[in-house]
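# Architecture at a glance
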Number of protein chains: 4
Amino acid sequence: MHTTKSYRLYQLSKAGRLCVPAMNINDSVTKQKFDNLYCCRESILDGLKRLTDVMFGGKQVVVCGYGEVGKGCSAALKAMGSIVYITEVDPICALQACMDCFRLVKLNDVIRQVDMVITCTGNKNVVGRDYLDRMKNGCIVCNMGHSNTEIDVASLRSPELTWERVRSQVDHVIWPDGKRIILLAEGHLLNLSCSTVPTFILSITATTQVYYFYNLYNAPEGRYNKDVYLLPKKMDEFVAGLHLPTFDAHLTELTDEQAKYLGLTKTGPFKPNYYRWGNTHTHSHLKHIMHIYTVKAGMNMNSNVIWRSSMFLWLTVRVFIAGTNPWK
Amino acid sequence: MHTTKSYRLYQLSKAGRLCVPAMNINDSVTKQKFDNLYCCRESILDGLKRLTDVMFGGKQVVVCGYGEVGKGCSAALKAMGSIVYITEVDPICALQACMDCFRLVKLNDVIRQVDMVITCTGNKNVVGRDYLDRMKNGCIVCNMGHSNTEIDVASLRSPELTWERVRSQVDHVIWPDGKRIILLAEGHLLNLSCSTVPTFILSITATTQVYYFYNLYNAPEGRYNKDVYLLPKKMDEFVAGLHLPTFDAHLTELTDEQAKYLGLTKTGPFKPNYYRWGNTHTHSHLKHIMHIYTVKAGMNMNSNVIWRSSMFLWLTVRVFIAGTNPWK
Amino acid sequence: MHTTKSYRLYQLSKAGRLCVPAMNINDSVTKQKFDNLYCCRESILDGLKRLTDVMFGGKQVVVCGYGEVGKGCSAALKAMGSIVYITEVDPICALQACMDCFRLVKLNDVIRQVDMVITCTGNKNVVGRDYLDRMKNGCIVCNMGHSNTEIDVASLRSPELTWERVRSQVDHVIWPDGKRIILLAEGHLLNLSCSTVPTFILSITATTQVYYFYNLYNAPEGRYNKDVYLLPKKMDEFVAGLHLPTFDAHLTELTDEQAKYLGLTKTGPFKPNYYRWGNTHTHSHLKHIMHIYTVKAGMNMNSNVIWRSSMFLWLTVRVFIAGTNPWK
Amino acid sequence: MHTTKSYRLYQLSKAGRLCVPAMNINDSVTKQKFDNLYCCRESILDGLKRLTDVMFGGKQVVVCGYGEVGKGCSAALKAMGSIVYITEVDPICALQACMDCFRLVKLNDVIRQVDMVITCTGNKNVVGRDYLDRMKNGCIVCNMGHSNTEIDVASLRSPELTWERVRSQVDHVIWPDGKRIILLAEGHLLNLSCSTVPTFILSITATTQVYYFYNLYNAPEGRYNKDVYLLPKKMDEFVAGLHLPTFDAHLTELTDEQAKYLGLTKTGPFKPNYYRWGNTHTHSHLKHIMHIYTVKAGMNMNSNVIWRSSMFLWLTVRVFIAGTNPWK
């Protein structure tokens, strides 16, 4: 579930218009801190390379938005030698960007000089026609944020501009004076449209989602009202723990004395936790699902995102829509 | 307020033994994401250099704990060319460490080979005598975490080991076979004992703290019970915003249309917010405090931590203990 | 020209068997410090992603060889969150790897645990059958170094192993126990076979090559014997200078006083220079070539390496083989 | 020996005014690629912190010069979260700066906005009075380059400016309007005046220097004329090899087949080598040199450092005093 979409859920809930219980998967740590951040760190480079063969070194890039997606994109681009500028509306994210070695600018101040513009705000009309008009020749414009609202693509469909389809997902939009900007995926999400997504990260998100659905499905009558819920920390920890062996990573266990000192149980949750989690007999089933993902992830053989999305859809459909519980 | 100490507050609250309302400053974003992370990123290098003149390049270091403090320390050391290993008990932080390019290990598996051991767990007895016995000659041991519990220093005060004070805050502990480990600050916090702390970051934390106290002080009768409270997001945003001009950072403002689309007011809060904040006439006063800090931060002239702590204490004493409100 | 191939030239020269003058382009700074380093920094990620969709975060990778190619590959992988090990035979490069935050290991010591093996040595049989036998399931093996000698692919063509072509340039080699390794480009150069190469870097190399040929073609009778020559520093500087405007980069000029102090002319060469360069009326012609490359580079439209190679071949054929000088 | 000073030697040699043979140690790879780069990477942060307690995160810094020293300084500052601009006169270094993710600017274009100015050019009057006049309040100015010529300190000793000594090596220079700049070490070398230098790197340089002297002293009559010489690669490799065990680094050995393929002997040199290494004794000179270094090393009190210095002494004693030559 998408960040902006989770706001929508809370809006519905607040308005009393949510007709079923909803789980806010986007804000679970295993989604937000892994999928949004690390996935985008990988896919921004992959998407740009596959579509444009652009060199990253020395390029000036403005990343609009410094949430998890913006953090991932800007970290990757900086790491590959780009000079990255950030725009933000939230002062906290803005201050983080500063401390992380990025210049915080208004789009207006850098639009003429940048080689790439990447939107990650979840907002609309972040890159309007006025900005598009002032971009320099050859500027690449793409969206890593929310649906297709961030770039005002509609404004480019006007008689004075010529569109030239260079290859799938790549359009040159040509101004009367010959200037062209390179628009990717017609402003839709670059990482979903044009790059692969690491199956490992997908596995984290998918496992989390399955847990959410399972939790919802198994809940005793009356536990969940027509509201938006977050997954308990302990389950996030469980999902994370399932993925550690891939890295040959060795977790440290608390001693009895240490657990007592910290006021924790030795098996977690290790962070404050206001939620409860029911029966745990599902773990072995989940491990089976994990196995499927891990085999794929381990071999890196997945041919495309579509397959993986189907896989995930199948899982959730089995659990949720069709009303059967595959683990019982 | 320290991470582990905030756990203590929640424990007291849960046990019904909290006798006044308490504010959890540690978990406010301006404290946790700035002070813990960025402050430690700066002070770990500074503290180690001032005390030991150690070269960072190529050194093998194990950082125990990958919370914000551990993230800051390991990022700085990696950036300076050290090879960093991480130990963790929480699978989520562990998985982050893996994705951030660190080997997740058990202390036991690397203790013989590392050149430095840095504790950032908030836990006790993380580095016990058995580990100290197996460290190699010249290994540096220090604590960036919680009070002086993380390294079992008491176990080193035994007859078969010789202590040699090399300089202030630096002890060589010498084994019968001549092996020496270099213990810093006798296991107390390195960043508080032996390094300076960036005044800019201190200013963020101090401003946040002052807001908390002010909020508590000004609250109408009955608003706060004997419980632990978090500062509303909007105030975190305000504190962050006060610090942006230092970086000549330019915040973007939402258009009316965008604010409506996101369901936000144009002045924030920009993130979900479940708290309320009272009167806002204090902002101009706060700006005055900010001015004091900014002058100091801008000139980088603060001679030591003690001065700054005193400054902060004075402020809070004025506000809280003495019962006067300087802004009225 | 390739590093190992330039050694071959010097061998021929030493043996008195070089039958024409040769120019060592590989060791010119604009080739070695840009093409080898920055090109590989970009293409290692691109090649691996396109062929395998592998996630880089947290992966353990061993890079064999820490010359410019190895430096580029390991920098990129570390930047994307991989844990990189280096093998080296030269103690100087080895010490650089240590200082740059990599563990220097023997291949034997990490071969069982790594997720990827990348060869960049210019040597032969760096990854022999004994290593291939011990790799873990799913390990990716590829070559960024010299022709196809580095991985002993011949040893894998034996009856007990099954080859499965997964897609173009990707083979699974399957052991009797089911273990599979993923061999890319059958051990040929990954960056030439399977990824794009930044046209900007190609332009630097190609411009340098054209200068070499031009210099050779225009040399007065008797200037060059049957030996191996390096391009004068001044020409390297000229080539570099031609490429700066792409980055909107502003070069500082020496004042008269400064030039005198350093014993340099204001137009360079800025570094010690033992070679002479003849007539300079070619610059305007070269700028024309540059223009062609820059147009392509700016728009990022080049579809493949082949086109670019052809372009370059055409240029050199015009200059060198066909015996015409397009600039006269 | 300093970079600019080695130019001086070549100038003397060219003019026939060099009265003894000279060894160019500065351009040996173990000096240039280790001392200049890695030493400065460590000491720039250390020097700035000790003198000013400045926070690096988010600060705008201009580094003048992108040679090895400039590369080290800018890499460290970028790694710690600063936004770094580079000025250069040499187009090759300039292009490297661009590819390494720095904006290449003229000092004039950023002088009003930067928080720090660091000179690493080896040139004179890089920061003249006109720039000093335009710096913003609180700007830190220091020199990592060549003697005390880079900053025009003399121009600041004028009646309208007030000097205020804040602490040892730190002066505030105050303009009539109250603006102050923070001048470090009165423009002398920051890393020599105000920071420690990693003894490990010092050991590399010192060992190289000792070898040079030894080589010079032992040379048969007539081998060296009144000219400037470089150390043979093999000796650089030997010096590097002596320092690898500190990192527990494991060098790979060439097989017979591989050495033959590359046309190398298995013990190196691994890179082209036009020099020869002789033998004989020079112990009195060595003793003196060692004395100087031991005093310096003694100031950095890490025990492992002391060990290494001893190790180094032992080695040189073996070679020089005891009259045995381990390379025979």
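Each value, and the rule that gives it
Residues numbered from 1 in each chain as written. Chains lettered and ligands numbered in written order. Predicted model: local features only at pLDDT ≥ 70, side-chain atom pairs only at ≥ 80, totals over all residues. Heavy atoms only, no water. Helix = DSSP H or I, 4+ residues; strand = E, 2+ residues; numbered from the N terminus. Buried < 20%, exposed > 50% of the residue type's maximum accessible area, 1.4 Å probe, protein only. Areas by Shrake-Rupley, 256 points an atom, 1.4 Å probe, with all protein chains shown as cover. Expected span 1.5 Å × (residues − 1). Bend = angle between axes of the 7 residues up to and from the residue. Contact = heavy atoms within 4.5 Å. Buried area = accessible area lost by both parts, 1.4 Å probe. Salt bridge = Lys/Arg side-chain N within 4 Å of Asp/Glu carboxyl O. Polar contact = N/O pair within 3.5 Å; in protein donor to acceptor, adjacent residues only side chain to side chain. Core = buried A, V, L, I, M, F, W, Y, C linked by side-chain atoms within 4.5 Å. Least-squares fit on C-alpha atoms with pLDDT ≥ 70 in both. Axes fitted to C-alpha atoms, helices over the stretch in contact; angles between N-to-C directions. Left-handed = near helix turned anticlockwise from the far one by under 90°. Nonpolar A, V, L, I, M, F, W, Y, C, P; charged D, E, K, R; others polar. Phe/Tyr/Trp six-rings, centres within 6.5 Å; stacked < 30°, edge-to-face > 60°. UniProt positions renumbered as here; feature names shortened; annotations may be inferred. Pairing = 2+ DSSP bridges.

## Re the overall build of chain A
Each helix and strand counted, chain A has 12 helices and 10 strands in total. Every one of the 328 residues in chain A was classed for burial, and the buried ones make up 60%. Split by element, the accessible area of chain A, about 12400 Å² in all, is 56% carbon and sulfur.

## Overview of helix α2 (residues 29-52) of chain A
All names here are of chain A. Between its terminal C-alpha atoms α2 stretches 33 Å, which fits the 34 Å expected from 24 residues at 1.5 Å a residue. At C40, α2 is deflected by roughly 35 degrees, the largest bend along its length. Summarising burial for α2: 21 of the 24 residues are buried, a large majority.

## Some thoughts on the interface of chain C and chain B
Across the contact, 16 residues belong to chain C and 16 residues belong to chain B. The largest per-residue losses of area from chain C upon contact with chain B belong to M99, C101 and R103 of chain C, which jointly make up 45% of the total buried on that side. There are 0 salt bridges connecting chain C and chain B. Inspection of the chain C/chain B interface yields 2 residue pairs in polar contact (both at pLDDT 80 or more).

## A closer look at the nonpolar core
In this structure, L48 of chain B together with L48 of chain D are the most contacted members of the largest nonpolar core, which totals 130 residues. The residues touching L48 of chain B, leaving out its near neighbours within four places in the chain, are D53, V54, F56, L77, M116, I118, I140, C142, L184 and L190 of chain B. Among the nonpolar cores identified, the runner-up in size contains 126 residues, and F200 and A249 of chain B, L95 of chain C together with Y229 of chain D belong to it.

## Considering the relation of the copies chain C and chain B
For these two chains of identical sequence, chain C goes onto chain B by a turn of 180 degrees and a shift of 0.0 Å along the axis, with RMSD 0.1 Å. Viewed as a symmetry operation, the transformation between the two copies matches a two-fold axis. Among all residues of chain C, the minimum C-alpha distance to the rotation axis is found for I83 of chain C, at 4.8 Å. A shared binding surface is used by both copies, with 100% of the interface residues of chain C retained as interface residues in chain B.

## Observations regarding helix α4 (residues 91-99) of chain A
Most of α4 of chain A is tucked away, with 9 of its 9 residues classed as buried. Of all the positions in α4 of chain A, only P91, I92, C93, A94, L95, Q96, A97, C98 and M99 of chain A are classed as buried. On its buried face, α4 of chain A is in contact with α3 (68-79), β3 (83-87) and β4 (103-104) of chain A together with α2 (29-52), α8 (199-218) and α9 (233-243) of chain B. By the N-cap criterion, in which a side-chain oxygen at the helix start approaches the backbone nitrogen of a residue two or three places on, α4 of chain A is capped by D90 of chain A, the distance to I92 of chain A being 2.8 Å.

## Quick word on unusual backbone geometry
In this model, G268 of chain A is joined to P269 of chain A through a cis peptide bond whose omega is 0 degrees. Looking at the element boundaries, P269 of chain A is found in the loop between α10 (256-262) and α11 (283-299). Of note, the phi angle at E186 of chain A is positive, near 50 degrees, even though the residue is not glycine. On the accessibility criterion, E186 of chain A (30% relative accessible area) is partly exposed. Even without being a glycine, N125 of chain D presents a positive backbone phi close to 50 degrees.

## With respect to the interface of chain B and chain A
Contact with chain B, which involves 59 residues of that partner, is made by 60 residues of chain A. On the chain B side of the interface with chain A, the three residues burying the most area are L95, M99 and Y261 of chain B, jointly 14% of the side's total. As a salt-bridge pair, R103 of chain A and D248 of chain B come within 3.6 Å of each other at their nearest N and O atoms. Between chain B and chain A we count 18 residue pairs in polar contact (both at pLDDT 80 or more) in total. Elements with a contribution of two residues or more to the side of chain B that touches chain A: α1 (3-14), α2, α4 (91-99), β4 (103-104), α8, α9 and α10 (256-262) of chain B.

## Notes on the packing of α8 of chain B against α9 of chain B
Residues and elements named next belong to chain B. α9 packs onto α8 with a crossing angle of 145 degrees between their chain directions and a minimal axis gap of 10 Å. Once α8 is placed against α9, the crossing between them reads as right-handed. Residues F200, S203, I204, T207, T208 and Y211 of α8 form the contact with α9, whose participating residues are M235, D236, F238, V239, L242 and H243. Here the contact of α8 with α9 is built from residues that sort into 7 nonpolar, 4 polar and 1 charged.

## Notes on the relation of the copies chain B and chain A
Each copy superposes on the other: chain B lies on chain A with an RMSD of 0.1 Å after a rotation of 180 degrees and an axial shift of 0.0 Å. Interface overlap between copies: 98% of the residues of chain B at the interface are likewise at the interface in chain A, consistent with a symmetric, same-surface contact.

## Thoughts on the packing of aromatic side chains
Residue and element names in this part refer to chain B. Evaluation of the coordinates by the stated rule reveals 12 aromatic pairs over all chains. Measuring from ring centre to ring centre gives 5.6 Å for F34 and Y38, while their planes differ by 45 degrees; the resulting arrangement is tilted. Within this pair, F34 and its partner Y38 are both found in helix α2, separated by 4 residues, close to a single helical turn. With a relative accessible area of 0%, F34 lands in the buried category.

## Some words on the pattern of salt bridges
Counted by the stated rule, this structure contains 56 salt bridges over all chains. A salt bridge links E186 of chain B to R157 of chain B, with the nearest nitrogen and oxygen atoms 2.7 Å apart. Of this pair, E186 of chain B sits in the loop between β9 (180-184) and α7 (190-193) while R157 of chain B sits in the loop between β6 (140-143) and β7 (162-167), and the two are 29 residues apart along the sequence. With a relative accessible area of 49%, R157 of chain B lands in the partly exposed category. The residue K266 of chain D makes a salt bridge to D256 of chain D at a minimum N-O spacing of 3.0 Å. Taken together, the residues span a long stretch of sequence, with K266 of chain D in the loop between α10 (256-262) and α11 (283-299) and D256 of chain D in helix α10 at a distance of 10 residues. Each of R157, R165, D171 and E186 of chain A takes part in a single network of salt bridges with overlapping partners.

## Points about the UniProt feature "domain: S-adenosyl-L-homocysteine hydrolase NAD binding" (unreviewed entry) in chain A
Within this numbering scheme, the UniProt entry marks residues 36-197 of chain A as carrying the feature "domain: S-adenosyl-L-homocysteine hydrolase NAD binding" (unreviewed entry). The span residues 36-197 of chain A is 32% helical and 22% strand by assignment, and the distance between its end C-alpha atoms comes to 11 Å.

## Focus on the side chain of T87 of chain A
Relative to the assigned elements, T87 of chain A resides in strand β3. Overall, T87 of chain A belongs to the buried group, its relative accessible area being 7%.

## A few points about the environment of N123 of chain D
Take N123 of chain D: it is sitting in the loop between β5 (116-119) and α6 (129-134). In sequence terms N123 of chain D and N148 of chain D are 25 residues apart; their C-alpha atoms lie 9.7 Å from each other. Not counting residues up to four positions away in its chain, the partners in contact with N123 of chain D are L254, Q258, Y261 and L262 of chain C together with T149 and E150 of chain D.

## What to know about the sheet that holds strand β2 (residues 60-64) of chain D
Residues and elements named next belong to chain D. The 8 strands are arranged β4-β3-β2-β5-β6-β9-β8-β7 in an open sheet whose pairing can be described as mixed. The sheet terminates laterally at β4 (103-104) and β7 (162-167), the two strands that pair on one side only. Bridge count for strand β6 (residues 140-143) against strand β9 (residues 180-184) is 2 bridges, and the pairing is parallel. Residue pairing for β9: V141 is matched across the bridge by L183. Against the sheet, helix α2 (residues 29-52) engages β5, β6, β7, β8 (170-174) and β9, with an angle of about 125 degrees to β9.

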